[in-house]
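# Residue-level structure breakdown
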Amino acid sequence: MSSALQTTDPEIYTLIKQEEKRQVDELEMIPSENFVSPAVMEAVGSVLMNKYSEGRPFARYYQGNANIDKIESLVETRALKLFGLDENEWHVNVQPVTGSIANFAVYATLLSPGDKMLGMNLYDGGHLSHGWKLPEGKKISFTSRIYDSHFYSVDQKTRVFDYENIMKIAKRVMPKILISGGTAYPREIEHAKMRQIADSVGAYYMADIAHEAGLVAGGVNTSPFPYADVVTMTTRKTLRGPIGAMVFVKQEHASALDFNIFPGLQGGPQNHSIAGIGVALKEALQPEFKTYARQVIKNAQALAAKLLDLGFDVVSGGTDKHLVLVDLRNMGLSGKEVALALEKVGIIANKNTVPNETGKPWNPSGLRLGTPALTTQGLKEKDMEKIAAKIAETLQSRNSPQS
Ligand code: DSN
């Protein structure tokens with residue numbers, strides 16, 4: 001029997017089926033992607049998407065929100081529990097539709113237009129929403145048009161953070177907020193040191209753990225909560241939920257943060273996504289999730305080790321997380337051509353900038369690979385070694401004169 005979608009819209013139905021097949025047939029190695037459980041998908045595809053619920057749980061602008069109120073407050077309770085937080089100290093808002101909106105809401109809460117922010121250089125793995133502007137001054141992120149953004153970089157040689165240098169930059173810039181986190185830094189961030197730096201200049205410390213949220217929840221990466229004033233995260237990466245984001249602030253900033261999310265930046269929250277996040281949080285509270293998080297890292301470390309053996313320049317010499325960053329310049333290749341070549345053999349990764357970048361974001365010098373999705377599918381270290389060998393073989397055949 002045909003499904004409702006198949007009958008109503010066979011074109012979209014067919015494309016979804018093709019995407020379902022692609023996700024099974026290909027190796028998903030983009031570190032910000034994962035496979036949600038059928039339970040998460042059921043919640044996201046539910047009637048909750050029919051309801052408008054501007055406001056906060058139990059304080060809405062529209063009637064008919066009794067069930068939505070219970071769902072959103074349950075999701076908040078689970079979020080605080082997952083990260084071991086005391087509700088008298090911490091407040092969470094689970095409504096931001098993306099990480100960028102979550103971050104912007106934080107700036108609106110803690111800063112005034114023109115205030116200084118200090119975050120990680122995008123080329124070294126930082127994020128657009130941390131105020132990115134080009135070294136020559138072009139303001140790329142809207143954040144950089146409102147706030148005065150400055151950046152710190154990794155050490156040119158080791159390609160990891162030099163906290164003494166970040167301290168020096170902070171003392172020169174005197175930011176009102178110090179930000180850590182990003183999209184392509186393979187090493188753990190030392191939150192205690194970032195706190196010290198923030199304290200030395202009287203700044204707030206915001207940890208954006210969009211990429212590591214599931215690793216922190218699983219207890220295999222250091223929690224920023226004992227050190228940060230604010231923690232933001234997306235929910236779809238290592239945390240294995242649907243698209244969405246969460247912001248955790250100290251109680252004193254709760255009402256300002258909530259006001260900046262709604263009505264400041266958003267309208268009605270995406271109740272179906274929030275429910276899906278709740279299901280993912282329940283899954284992350286189970287003991288199996290710790291095993292999953294540990295395996296994500298073991299797989300990334302196995303992948304990095306094998307790539308190093310095969311002559312790849314693995315940035316920082318390895319990884320503490322779910323991602324591996326490779327600088328391709330020693331092979332005379334660019335990120336774009338390698339990502340395209342790998343797609344042809346069913347390996348889905350993304351081109352990425354690397355420290356000391358000499359290319360452009362559209363055609364950078366690196367490749368970013370991740371293990372969250374493959375680990376969800378049950379792959380282990382031996383599989384990672386085979387994948388590394390396949391990557392090397394693909395690039396060799398590309399470089400050979402016959403190809
Ligand atoms: N697009 C995300 C990533 O791939 O890391 C960051 O926003």
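Position numbers for residues count from 1 along each chain, tracking the sequence in the order it is written. Selection of residues for local features in this predicted model requires a pLDDT of at least 70, selection of side-chain atom pairs for listing and counting requires 80 or more, and totals for whole chains, interfaces and linings are taken over all residues. To get the side-chain values, all heavy atoms of the structure are used, and hydrogens and water are removed first.

## Overview of unusual backbone geometry
In plain terms, the rule: Going along the chain from the N terminus, every DSSP run of H or I of four or more residues is numbered as a helix, and every run of E of two or more is numbered as a strand. Relative accessible area decides the class of each residue, using a 1.4 Å probe on protein chains only: under 20% of the type maximum gives buried, over 50% gives exposed, and in between gives partly exposed.
The peptide bond linking phenylalanine 262 to proline 263 adopts the cis configuration, its omega dihedral lying at 10 degrees. With respect to the secondary-structure elements, proline 263 resides in helix H10 (residues 254-265). For phenylalanine 58, which is not a glycine, the phi torsion comes out positive at approximately 65 degrees. Following the sequence through the fold, phenylalanine 58 ends up in the loop between strand E2 (55-56) and strand E3 (59-60). In this structure phenylalanine 58 comes out as exposed when scored by relative accessible area, which is 59%. Phi is positive for arginine 159, which is not a glycine, with a value near 60 degrees. Mapping arginine 159 onto the fold places it in the loop between strand E6 (148-152) and helix H7 (163-173).

## Examining the packing of aromatic side chains
Selection criterion: In this analysis, rings of Phe, Tyr and Trp, with Trp reduced to its six-membered ring, are considered paired at centre separations within 6.5 Å, and the interplanar angle assigns stacked below 30 degrees, edge-to-face beyond 60, and tilted for intermediate values.
Counted under the stated rule, the structure contains 15 aromatic pairs. On the basis of an interplanar angle of 65 degrees and a centroid distance of 5.4 Å, the ring pair of tyrosine 152 and phenylalanine 161 is categorised as edge-to-face. On the accessibility criterion, tyrosine 152 (0% relative accessible area) is buried. Owing to a relative accessible area of 8%, phenylalanine 161 belongs among the buried residues under this scheme.

## Some points on helix H4 (residues 66-82)
Because an α-helix completes one turn every 3.6 residues, residues spaced three or four positions apart along the sequence face the same direction. Spelled out, the test is: Expected helix span is computed as 1.5 Å times (number of residues minus one). Taken from the helix axis, the directions to the C-beta atoms give the arc we talk about. Note on contacts: a residue pair qualifies if any of its non-hydrogen atoms lie within 4.5 Å across the two residues.
With 17 residues, H4 should reach 24 Å at 1.5 Å per residue; the first-to-last C-alpha distance of 25 Å fits that figure. Turning to H4, its buried residues are Ile68, Asp69, Glu72, Val75, Glu76, Ala79, Leu80 and Leu82. For H4, the angular spread of buried residues about the axis comes to 170 degrees, placing them on one side. Facing away from the buried side of H4 by over 90 degrees, the exposed positions are Asn67, Lys70 and Lys81. Taken together, the buried residues of H4 touch E2, E3, strand E4 (90-93), helix H9 (213-217), strand E10 (245-250) and helix H11 (271-284).

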